[in-house]
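What follows is each chain in one-letter form.
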Amino acid sequence: MSKSEIRRLDNLIATAARKLAGVEARETWALPAGEQARMAGHVAVLVAKATRLKDSPRAKRGIDEIWGNAEARLRAEIGAAQTAKAEILHQEAKAKTAKKASGWW
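Attention in this report is confined to the structure presented alongside it. The model shown is predicted, which means the values in this text are computed figures rather than measured ones. (Residues numbered from 1 in each chain as written. Predicted model: local features only at pLDDT ≥ 70, side-chain atom pairs only at ≥ 80, totals over all residues. Heavy atoms only, no water.)

1. A look at the overall build of the protein chain
Broken down by element type, the protein chain carries three helices and zero strands. Along the protein chain, helices (α) and strands (β) appear in the sequence α-α-α when read from the amino end. Its C-alpha atoms give the protein chain a radius of gyration of 22 Å, clearly above 13 Å, the size a compact globule of 105 residues would have. For the protein chain, the C-alpha atoms occupy an extent of roughly 85 × 20 × 20 Å along the three principal directions. Across the 105 residues of the protein chain, 21% fall into the buried class. Summarising the internal contacts of the protein chain: among those between residues at least 6 apart in sequence, 69% fall at separations of at least 24. For the protein chain, the computed accessible surface area is about 7600 Å², with 60% contributed by carbon and sulfur atoms. (Helix = DSSP H or I, 4+ residues; strand = E, 2+ residues; numbered from the N terminus. Rg over C-alpha atoms; globule rule 2.2 N^0.38 Å. Buried < 20%, exposed > 50% of the residue type's maximum accessible area, 1.4 Å probe, protein only. Contact = heavy atoms within 4.5 Å. Areas by Shrake-Rupley, 256 points an atom, 1.4 Å probe, with all protein chains shown as cover.)

2. Quick notes on unusual backbone geometry
Despite not being glycine, R26 has its phi angle at roughly 60°, a positive value. Within the secondary structure, R26 sits in the loop between α1 (2–24) and α2 (33–51). The backbone phi angle of L53 is positive, close to 60°, even though this residue is not glycine. Take L53: its relative accessible area is 79%, and that puts it in the exposed class.

3. Details of the packing of α2 against helix α3 (residues 57–102)
Direction vectors running N to C along α2 and α3 enclose 155°, while the axes themselves pass 8 Å from each other. When the axis of α2 is compared with that of α3, the two are roughly antiparallel. Every pair of crossing elements has a handedness; the one defined by α2 and α3 is left-handed. Mapping the contact onto sequence places E35, R38, M39, H42, V43, V45 and L46 in α2 and A59, K60, G62, I63, E65, I66, W67, A70 and R73 in α3. Classifying every residue of the contact of α2 with α3 by side-chain character gives nine nonpolar, two polar and five charged. (Axes fitted to C-alpha atoms, helices over the stretch in contact; angles between N-to-C directions. Parallel < 35°, antiparallel > 145°, perpendicular 65-115°, else oblique. Left-handed = near helix turned anticlockwise from the far one by under 90°. Nonpolar A, V, L, I, M, F, W, Y, C, P; charged D, E, K, R; others polar.)

Fair warning: the whole summary comes from geometry, so function is off the table for now.
Structure follows, in structure tokens:
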């Protein structure tokens, strides 16, 4: 069971790392659908304001906030998965040591 759990955590870490690389490169595919929709709304406001030669600092802040939140969420997800994996590996090693210590050899 633990090997499948480790494999699942490895896949989760790899997927989150790919998404984090996408977020750091400011690629929208790495964002969840809700954040993509919010991003599209902010971009639409920026385009509409730009056609009238005006600035929209609120939309720019909203876009920066979306990227920042996504990056923080993915970093936390990776950290939590790595911690869970380390705990599982520690428990396996402890069980293996206990099993070897209980025998004659």
